[in-house]
Every structure is written in structure tokens, then in C-alpha cells.
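Architecture and fold: a report
Here is what each chain is made of, one letter per residue.
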Amino acid sequence: MATKTQLVPRLRVMEIRPGGPQPRLEDGVTLEKAPRKPAGDSLYTADRYRLLTSYLVINQETYKLQIKSSLQDHQRLIGSIIILQSVLLILLLTGLLLINQSLARRIWKPFYQTLRKLRAYKVDDPAPLALAPSGISEFEELNTAVEQLAERSRQSYLSQKEFAENASHELRTPLAVFQGKLEMLMQTMPLSEEQAMLINDLADASHRMTRLNKGLLLLTRIQNGQFPDTADVSVRNTARHLLAQYEPQIGQKGLSVEEDWLDELWVNMSPNLLEVLLGNLLSNAIRHNLPGGKIVVKGPTAP
Amino acid sequence: MKILIIEDEKALGQSIADYLQAEAYTCELVADKHSALQRIESFDYDCILLDISLPDGNGLHVLKALRENNKTDGVIIISARDGIEDRIHGLQLGADDYLVKPFHLSELSARIAAVIRRRRFSGSSILEAAGLTIDTAARTVRVNQQPADLTRSEYDLLLYLLTNRNRVVSKHAIAEHLSGDGEGLFDNYDFIYAHMKNLKKKLIQAGWTDHIKAVYGMGYKLEAP
């Protein structure tokens, strides 16, 4: 769109012949004779266009110059500019974000590796924690510190484990001495009833200690994975075998046993452990049952 | 009968010796592998009680030495280790039995008697005491000539008491003897009382004078003058 000042150098001298056609200047620019020169320029802005009205004096003649400029194009242009700019901005931002992310991922990769390994690490794992070396010194330091920490806690755990096993083992001999002497004490004569009661209580306590110790040893063995003899065992057969074994105790308490095996259940584990497991369940069922009560042995329901 | 006790824990070894001596066994007590090897070289024993963890080496070497020299002494391993592999290993090397510490002295006594029976008398022997005649091969019990029909548990109980006669056998020991491994899971021993009642009834029916006395709730004693 040309301004009045810009238009001025481009004005050509034209002759307006009376009766002749109106000389066409540009689109939207009209020049016509005006009666007289009013005040000054005026700019009219309508919805779709802008109208600049100006008056020129040429050769002592007053002419009205009107320049009309369509705002529609203007608006469309602004619109396109906005859209283009936004798209560019979005592209830029997206690109920046992606680059940032991929850069961050690459930079932090050793960190995330370390994090993953830490999450998966278990103190009772036989393999020590091994972290990948990294070129970045901060991560190297972190890895070294973490590895040392893991190793320390692993050693502590191992020595505790060994301790529990050793303790249980060492306890056996003094327990044996205690039980032996107690049994000898039972034989002494004369023995008053009072002494016998005391000996009885001692014997019960000694018995419980022995049982506790056995339990402790069993637990440490399970923890150490010392039951590698896995095989396919039938739960039903083991349960039945145990029920037969505990028949005297079951009968003595007047318990009735109900068996409900919908399906044969086979598991792959150490048969010894299965027997211990079922034995514990069954003995609790007997011990904590009411006299004349019922034991229900139920197999799994079909899926 | 001569028993050699190889046990480094002196107090325990002494308890065993004292208990067995009441059963007319002659007991010798050594506390290390070296002395044990010396003894078995020069003497024969009816039964040897062998502790594996000796201060100067593994007790199994003694066992190996015994078998290498084709000696027929019975061997019972007494050990604090109760792993299955340990048991199997011991038995494979030629031990007759494997007893895990802590054990009841009465149980040890019963096992010694069983081992001696097996080695000396090929498992069969007739026990006569307290008015009873027990045929251990046939597992029968007679009062004079009258047989008593005992269940397996009742027979085991009677034999146990008879082997440890004139001594108090604790109810814990009886429970463990009768139910093998399952015993420890129970803390009431009423079922022993029931067995005892039935046993006495059957024996008395066969004409026996009841020599089994309950001792103040500690256990039972079979008196055999």
C-alpha cells in the first residue's frame, strides 16, 4: 500500500482532458477534481477497508485523492503470519524438548543403569553388586561408593547368617550335656516329690530348647538354600502319610478327619521340606483343636 | 559288654558312661581321635560311640580304620550334625546307627542294645527279665508261656522300658522313641498314658505282675529285681 508521500514521487504529469476518460492510477486510488480544499487528510477505517482522503493542489487546481486499501488482505496476511510463527515456534519448542530429552537420557544413562541395578539388588544374592564403569567422574564416584556399601551390607548379612547357623550348631552339645545330666538326676534315689516336680519342669524346658534349636537350624538351612533336592511330590500322599503317622495323637484327642481331595496336587520342591510344612500344619491342627473336634484336609479346587 | 565312648565333651561322656554302667556295661572313655585309634587297635568292643567332631580330627577316620581292619565292633555315631548327607555318609562308611545330639540317654541305651543284638546275635535274641520273655526276632512277648498280643507301639514301649530297666525313662524320651520324628510337635503326652494303660492291661491279662511304676510324672520305670 502506498502512502501519500510515497505516491508523490510516482506521480506523473497527466493531462486531464475534459470529456476524456478518468485516468486510472492504481487499484484503489482515485483522483478527482474537488471544489475546494477542506481542512486536512482524513483516514476512514471501515470493517473491510481503509480510506485515506487527501487533497492536492496541482496547478492551482484542487484535487481529491482517495486511496482505498482492503483490510481483508491485511487481515489474511496477519493471520498467515500468526499461523506460520506459531507453527515455527511449536516446531522449535518440540525440537528443543526432544533434543533435551535425548541428551539428558544419554547423559544420565549410567545413573539410570546404577539405579536399575540397585533396585534389583538383594543382600542375599550370591553375586556381589557390579556397576558398569562410566567415563563421567561423578557417576564413577557414585558407583564406587554404592558398590562398597552393598559389599559391606552383604558381608554383614553373610556373617550374621553364619552366626545363626553356628550358634544353633554350638548349642547342641551343651543341650546334650544338660539333658544327659538331667536324666541322671532322675535316677538319683531317694527322690522327693518336690525334687521330681522340679526335674520335670527342667525336662520340659530342656525339651523346648531342643525343639527351638532344631527349628532355628531348619530356618537357617532353608535360608541357605540347603534343600536342593527338589522333586515332584504328591501333596496328597505326603498328607496321608502324615495323617497315618499322627493317628495316635489324633485318636487320643478324639478328632475326626475329613479328607476332601478334588484334584491331585503335585508340587516340585524338597520332599523333606514338604513333610515339615504339612507336619507343622497338621500338628497345629491337632494341638489347637477342641477335644472331639474335626480336621478337614482339603485339596485345591479345580480351576 | 564293653563300650568305648569317643566324646570330647567330658561332661557328656561321663553322663553316658554313668548311665550305661547301671546297665552292667563296662565303659571306656576317650576324648580325642589319637587315643581312640590306639584303643581300637589293641582292644575289641561290643559297641563304639563315636563323636565326629573331635579336637584332633574327624571321628570318621576312626570308623574307616575300624572297617579297614575288618573289625566287627558296632558303631553308633553321635553327632551334632543332623544333615541327611552326614547321616548317609556315616552309614555308608560302615556305622550301624546315627544319633543326633541332644539325645536321651535311654534312647542311646536302646540303640546300643539293638546294635549289639544285630552284630552279636544276628538280630535275634531272647530277653528274659522281670518275668517276661521277649523274642526280638519274632517280636513276641510271653509271660511265662502265655503270649501277650501287643500292638507295635506297645511292643516298642515295653522293649524300651525293658532295655532301660531299673531306670527312670522320661516321658519325653518315650514320646520321641515311639513316634520317631513327629514327637516334638506335641506337648501333651496323654497318648503315652493311654499306651501304657493298654500295655499293662494286656500283660496283666497274660498273668504278669505289674512292675512298671510311674515316677512322679517324670516318666516310667520298669523294676526288674
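Predicted model only: the values in this text are computed from it and were never measured. (Residues numbered from 1 in each chain as written. Chains lettered and ligands numbered in written order. Predicted model: local features only at pLDDT ≥ 70, side-chain atom pairs only at ≥ 80, totals over all residues. Heavy atoms only, no water.)

1. Thoughts on the interface of chain B and chain A
How big an interface is tends to be stated in terms of accessible area lost as the parts join. Taken residue by residue, the interface counts 42 residues in chain B and 39 residues in chain A. Summing both sides of the interface, chain B and chain A together bury roughly 3,500 Å²; the carbon and sulfur share of this comes to 57%. Viewed at the interface, chain A and chain B are joined by one salt bridge. Ionic pairing is found between K171 of chain B and D204 of chain A, a salt bridge with its closest N-O pair at 4.0 Å. In this assembly, chain B and chain A are joined by 10 residue pairs in polar contact (both at pLDDT 80 or more). Counting residues per element, the ones that place at least two in the side of chain B that touches chain A are α1 (10-21), α5 (105-121), β12 (168-170), α7 (171-179) and α8 (190-205) of chain B. Sorting elements by how many residues they give to the side of chain B that touches chain A places α1 of chain B first, with six residues. Partitioned by chemical class, the residues of the side of chain B that touches chain A number 16 nonpolar, 13 polar and 13 charged. (Contact = heavy atoms within 4.5 Å. Buried area = accessible area lost by both parts, 1.4 Å probe. Salt bridge = Lys/Arg side-chain N within 4 Å of Asp/Glu carboxyl O. Polar contact = N/O pair within 3.5 Å; in protein donor to acceptor, adjacent residues only side chain to side chain. Helix = DSSP H or I, 4+ residues; strand = E, 2+ residues; numbered from the N terminus. Nonpolar A, V, L, I, M, F, W, Y, C, P; charged D, E, K, R; others polar.)

2. Points about the nonpolar core
All names here are of chain B. Among the nonpolar cores identified, the biggest contains 31 residues, and V141, L158, L161, I174, L199, L203 and I212 are the most heavily contacted of them. If one sorts the elements of this core by residue count, helix α6 (residues 152-163) sits on top with seven residues. With near-sequence residues (within four places) excluded, I174 lies in contact with L157, Y160, V169, I192 and Y220. Grouped together as the second largest cluster of nonpolar side chains are 23 residues, Y19, Y25, L49 and I76 included. (Core = buried A, V, L, I, M, F, W, Y, C linked by side-chain atoms within 4.5 Å. Buried < 20%, exposed > 50% of the residue type's maximum accessible area, 1.4 Å probe, protein only.)

3. Points about α5 of chain B
All names here are of chain B. For α5, built from 17 residues, the straight-helix expectation of 24 Å at 1.5 Å per residue is met to within 8% by its first-to-last C-alpha distance of 23 Å. L105, S106, E107, L108, S109, A110, I112, A113, V115, I116 and R117 are the residues of α5 that are buried. At the C-terminal side of α5, S122 shows a positive phi close to 50°. (Expected span 1.5 Å × (residues − 1).)

4. Some words on unusual backbone geometry
Omega for the peptide link from M189 of chain A to P190 of chain A comes to 0°, which places this bond in the cis form. Counting through the fold element by element, P190 of chain A comes out in the loop between α3 (137-187) and α4 (193-223). Going from K101 of chain B to P102 of chain B, the amide bond is cis rather than trans, its omega being -5°. Mapping P102 of chain B onto the fold places it in the loop between β7 (97-100) and α5. One non-glycine residue, A130 of chain B, lies in the positive phi region at around 55°. Summarising the element assignment, A130 of chain B is placed in the loop between β8 (126-129) and β9 (132-135). For A130 of chain B, a relative accessible area of 15% gives the class buried. Although it is not a glycine, R139 of chain B adopts a positive phi angle of roughly 60°. As for its placement among the helices and strands, R139 of chain B is situated in the loop between β9 and β10 (140-143). R139 of chain B gets classed as partly exposed once you look at its relative accessible area, which sits at 42%.

5. Thoughts on the confidence of the model for chain A
When the pLDDT values of chain A are averaged, the result is 82; 88% of them are 70 or greater. For chain A, helix α1 (residues 4-10) of chain A is the element with the lowest average pLDDT, namely 58, and helix α2 (residues 71-120) of chain A is the one with the highest, namely 89. (pLDDT = per-residue confidence, 0-100.)

6. Digging into the packing of α1 of chain B against α5 of chain B
Residue and element names in this part refer to chain B. With their axes 10 Å apart at the nearest point, α1 and α5 run at an angle of 60° to one another. In terms of orientation, α1 lies oblique with respect to α5. Where α1 crosses over α5, the handedness of that crossing is right-handed. For the pair α1 and α5, contact is made by S15, I16, Y19 and L20 and by L105, S106, L108, S109 and I112, respectively. (Axes fitted to C-alpha atoms, helices over the stretch in contact; angles between N-to-C directions. Parallel < 35°, antiparallel > 145°, perpendicular 65-115°, else oblique. Left-handed = near helix turned anticlockwise from the far one by under 90°.)

7. Thoughts on the side chain of R167 of chain B
Residues and elements named next belong to chain B. By the secondary structure assignment, R167 is in the loop between α6 and β12. Residue R167 is classed as buried on the basis of its relative accessible area, which comes to 4%. Here the side chain of R167 touches Y19 through a polar contact of 3.3 Å, landing on its backbone oxygen. Within the structure, the side chain of R167 is placed 2.7 Å from the side chain of E23, a separation counted as a polar contact.

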